[in-house]
Amino acid sequence: MAFPEGFGWGASTAAYQVEGGWDADGKGPSVWDTFTHQGGGRVFKNQTGDVACGSYTLWEEDLKCIKQLGLTHYHFSLSWSRLLPDGTTGFINQKGIDYYNKIIDDLLTNGVTPIVTLYHFDLPQTLEDQGGWLSEAIIESFDEYAQFCFSTFGDRVKQWITINEPNLFALLTYDLGVFPPGVPHRGTGGYQAIHNLIKAHARSWHSYDSLFRKGQKGMVSLALFAGWVEPADPNSASDQEAAQRAMAFHLDIFAKPIFIDGDYPEVVKSQIASMSKKQGYPSSRLPEFTEEEKRMIKGTADFFAVQYYSSRLVKYRENDKGELSFLQDVEVEIFPDPSWIKLDWVCVVPWGLRKLLNYIKDTYNNPVIYITENGFPQGDPASLDDTQRWEYFRQTFQELFKESIWNPSAAIIHNS
């Protein structure tokens, strides 16, 4: 298979997942350090990221792999608490700066473009202790951190991701409580976090735009997790509406405010308001943006970064018991087609990526699109027979390169 001219081939990693060195050289604790050290079976086999892949000390080996693979891009995240141990610029860790400077400089020396994420779920513990993403104070804290990173690394980094998968993060962290700090706030916490995540992203985009863009000439966006959904019964109006709600709640809830008009999708607002009323709330559990905030949020992305792994079928399921949670508000049942090849939670549905990209193209005014994560999981232990994996990528690329969606200006795929 020949890759088209302009195609970018990258790899994606996240600080907590690969670095290790959890308390090395002045790094402060993150919420994942605290969460995994508490044990209690909340993490698979009570594992921690204390060592992880050891990238903090083995970066040179990682660089060899990047060169051997012939990557054009490397997408990685910064550890907020490695750079700013207490989450603020009151104490700056020079060893952390040195570590990321070396990564960035080594990549550029070897002709590899860095794409850098500011936040990949690993909030400094001190900021979580102050309310984390449930507190509006986090908006100012994140903007301070973002400006520090733009100032420190932006002379060389030209592609920034503010927040990784905020839609998935808000659900797993502050609604379901399966991510640290491990405290569920069903039906309320996820929406409050979404509200603050959107405003924090927008605030940092404006900081870049007003303070750094002219001199650094970079781009800033956020990376949204998205699968594709199909109505289980394409002839059922209720299933078709369920599929539309599913897309609105997991992708458009972030994308529409940022790329279109500064506000949530109407179906999201009406659905949550209706459910809230039935549950006896005096007003909707979804916070509202002020008109000033809508103007501040609208248009705060320079490209569309999407992270696709799989697709699902969707059918309508009424929340007849009035259960309180983000997922119950959507009133859908999500499940895979039994004919799809499946490993862990990933189903091999390459055409789902094509449909998703066309949806983004048509809904969001044909933006430049970066696929900043995609991949296929390995079993444990990993098999040397990689047939499933390469077949997944072969089929994915065949869909990606179809003329209906191919655009050389939006041709970067990162495998995690």
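Residues numbered from 1 in each chain as written. Predicted model: local features only at pLDDT ≥ 70, side-chain atom pairs only at ≥ 80, totals over all residues. Heavy atoms only, no water.

Novice: Looking at this structure, I do not really get the overall build of the protein chain. What am I missing?
Specialist: Within the protein chain, the secondary structure is distributed over 16 helices and 13 strands. Computed over its C-alpha atoms, the radius of gyration of the protein chain comes to 21 Å, within 12% of the 22 Å expected for a compact globule of 416 residues. Along the first, second and third principal axes, the C-alpha atoms of the protein chain reach 55 × 50 × 45 Å. Counting every position in the protein chain, which comprises 416 residues, the buried fraction comes to 56%. A fraction of 77% describes how many contacts in the protein chain between residues 6 or more apart in sequence connect residues 24 or more apart. Carbon and sulfur atoms provide 52% of the accessible area of the protein chain, an area that totals close to 17,800 Å². Taken as two groups, the 36 positive and 53 negative side-chain charges of the protein chain have centres that lie 2 Å from each other. (Helix = DSSP H or I, 4+ residues; strand = E, 2+ residues; numbered from the N terminus. Rg over C-alpha atoms; globule rule 2.2 N^0.38 Å. Buried < 20%, exposed > 50% of the residue type's maximum accessible area, 1.4 Å probe, protein only. Contact = heavy atoms within 4.5 Å. Areas by Shrake-Rupley, 256 points an atom, 1.4 Å probe, with all protein chains shown as cover. Lys, Arg positive; Asp, Glu negative; His and termini not counted. Charge placed at Lys NZ, Arg CZ, Asp CG, Glu CD.)

Novice: How should I be thinking about helix 8 (residues 166-175) in this particular structure?
Specialist: Since one α-helical turn is 3.6 residues long, residues separated by three or four positions face the same way. Counting buried positions along helix 8 yields 9 of 10 residues, so the element is predominantly enclosed. Residues of helix 8 that are buried: Pro166, Asn167, Phe169, Ala170, Leu171, Leu172, Thr173, Tyr174 and Asp175. Glycine 177 sits one or two residues past helix 8 and shows a positive phi near 75°.

Novice: Explain empty space enclosed by the protein to me, please; I cannot follow it from the model alone.
Specialist: Regions of empty space are outlined by a rolling probe, equal in size to a water molecule, passed over the atoms. Under the defined criterion, the tally for this structure stands at 2 cavities of 30 Å³ or more. The residue inventory of the lining of the largest cavity, partitioned by class, reads 3 nonpolar, 4 polar and 5 charged. Looking at the second largest cavity, its volume works out to about 50 Å³. Taken together, Thr13, Ala14, Ala15, Val18, Glu19, Ser55, Tyr74, Phe76, Ser77, Tyr99 and Ile103 make up the lining of the second largest cavity. If you tally residues by element for the lining of the second largest cavity, the top one is strand 2 (residues 73-77), at 3 residues. (1 Å grid on protein atoms, 1.4 Å probe; cavity = no way out; pocket = protein on both sides within 12 Å on 5 of 7 lines; lining within 4 Å. Points joined across faces, edges and corners; volume = space filled by probe spheres on them. Nonpolar A, V, L, I, M, F, W, Y, C, P; charged D, E, K, R; others polar.)

Novice: Explanation requested: the packing of helix 8 against helix 9 (residues 189-211) in the structure shown.
Specialist: Geometrically, a packed helix pair is captured by the angle between its two axes and the distance between the axes. One can describe the packing of helix 8 onto helix 9 by two numbers: an axis separation of 8 Å at closest approach and a directional angle of 140°. As judged from the angle between their axes, helix 8 and helix 9 are oblique. Crossing of helix 8 over helix 9 shows right-handed handedness. When helix 8 is examined against helix 9, the residues Pro166, Phe169, Ala170, Tyr174 and Asp175 are found in contact with a partner set consisting of Gly189, Gly190, Ala193, Ile194 and Leu197. In terms of residue class, the contact of helix 8 with helix 9 is made up of 7 nonpolar, 2 polar and 1 charged. (Axes fitted to C-alpha atoms, helices over the stretch in contact; angles between N-to-C directions. Parallel < 35°, antiparallel > 145°, perpendicular 65-115°, else oblique. Left-handed = near helix turned anticlockwise from the far one by under 90°.)

Novice: Is there a simple way to explain the pattern of salt bridges in this structure?
Specialist: Working definition: two side chains of opposite charge can pair if their charged atoms are close together. One pass over the structure, following the stated rule, counts 25 salt bridges. Where aspartate 106 meets lysine 102, a salt bridge forms, and the shortest distance between an N and an O atom there is 3.0 Å. Of this pair, aspartate 106 and lysine 102 both sit in helix 5 (residues 94-109), 4 residues apart, which is roughly one turn of the helix. Accessibility expressed as a relative area gives 36% for lysine 102, which makes it partly exposed. Glutamate 230 is the salt-bridge partner of lysine 355, the closest N and O atoms lying 2.9 Å from each other. Remark: glutamate 230 occurs in strand 6 (residues 228-231) and lysine 355 occurs in helix 15 (residues 350-363); sequence separation between them is 125 residues. If you follow the salt bridges from partner to partner, you end up with Asp263, Glu266, Lys269, Glu291 and Lys294 in one network. (Salt bridge = Lys/Arg side-chain N within 4 Å of Asp/Glu carboxyl O.)

Novice: Looking at this structure, I do not really get the side chain of lysine 27. What am I missing?
Specialist: Structurally, the position occupied by lysine 27 is in the loop between helix 1 (15-18) and helix 2 (31-37). Here the side chain of lysine 27 touches tryptophan 22 through a polar contact of 3.1 Å, landing on its backbone oxygen. In terms of polar contacts, lysine 27 uses its side chain to reach the side chain of serine 81, at 3.4 Å. In this view, lysine 27 contacts Gly21, Trp22, Asp33, Ser79, Ser81, Arg82 and Asn93; residues no more than four positions away in its chain are not counted. (Polar contact = N/O pair within 3.5 Å; in protein donor to acceptor, adjacent residues only side chain to side chain.)

Novice: Please explain the side chain of histidine 195 as it appears in this structure.
Specialist: Locating histidine 195 in the fold gives a position in helix 9. Setting aside residues no more than four positions away along its own chain, histidine 195 makes contact with Tyr264, Pro287, Glu288, Phe289 and Glu293.

Novice: How should I be thinking about the sheet that holds strand 9 (residues 332-335) in this particular structure?
Specialist: Strand pairs in the sheet, formed through backbone hydrogen bonds, run parallel or antiparallel to each other. Pairing is mixed in the open sheet, where 3 strands are placed in the order 6-8-9. Across the chains shown, the open sheet's two edge strands, defined by having one partner strand only, are strand 6 and strand 9. Each neighbouring strand pair of the sheet contributes to a mean axis angle of 35°, computed without reference to strand direction. Here strand 8 (residues 311-316) pairs with strand 9 via 4 bridges, running antiparallel. The residue bridging tyrosine 316 from the neighbouring strand is valine 332, located in strand 9. The strands touched by helix 11 (residues 237-261) are strand 6, strand 8 and strand 9; relative to strand 8, the strand with the most contacts, the crossing angle is about 125°. Docked against the sheet, helix 15 engages strand 6 and strand 8, running at close to 95° with respect to strand 6. (Pairing = 2+ DSSP bridges.)

Novice: Got a minute to help me understand the nonpolar core in this structure?
Specialist: Note on soluble globular proteins: their nonpolar side chains tend to be buried together. Among the nonpolar cores identified, the biggest contains 114 residues, and Leu78, Leu83, Trp133, Phe153, Trp160 and Phe304 are the most heavily contacted of them. Contacts of phenylalanine 153, omitting those with residues within four sequence positions, involve Leu78, Leu83, Ile97, Tyr100, Asn101, Ile104 and Trp160. (Core = buried A, V, L, I, M, F, W, Y, C linked by side-chain atoms within 4.5 Å.)

Novice: Would you mind showing me how to read the packing of aromatic side chains here?
Specialist: The description of an aromatic ring pair rests on the distance of the ring centres and on the angle between the ring planes. Scanning the model with the defined rule gives 43 aromatic pairs in all. Seen from their ring centres, phenylalanine 7 and tryptophan 9 are 6.4 Å apart, and the 35° between their planes marks the pair as tilted. Lying over the aromatic face of tyrosine 56, arginine 82 brings its terminal NZ or CZ to 4.1 Å of the ring centre. The ring of tyrosine 99 has arginine 82 lying over it, and the distance from NZ or CZ to the ring centre is 5.8 Å. (Phe/Tyr/Trp six-rings, centres within 6.5 Å; stacked < 30°, edge-to-face > 60°. Lys NZ or Arg CZ within 6 Å of the ring centre and 35° of its normal.)

Novice: Would you explain the state of the cysteines in this entry?
Specialist: Note on terminology: a disulfide is the covalent bond linking the sulfur atoms of two cysteines. Taken as a whole and assessed by the stated rule, the structure comprises 0 disulfides. Between cysteine 53, a free cysteine, and cysteine 65, which holds the nearest cysteine sulfur, the sulfur-to-sulfur gap is 10 Å. (Disulfide = S-S within 2.5 Å.)

Novice: Please explain the confidence of the model for the protein chain as it appears in this structure.
Specialist: Regions with low pLDDT carry predicted coordinates that are not meant to be interpreted in detail. Mean pLDDT over the protein chain works out to 95, with 97% of the residues at or above the 70 mark. Ranking the elements of the protein chain by mean pLDDT puts strand 13 (residues 412-415) last with 60 and helix 7 (residues 137-153) first with 99. (pLDDT = per-residue confidence, 0-100.)

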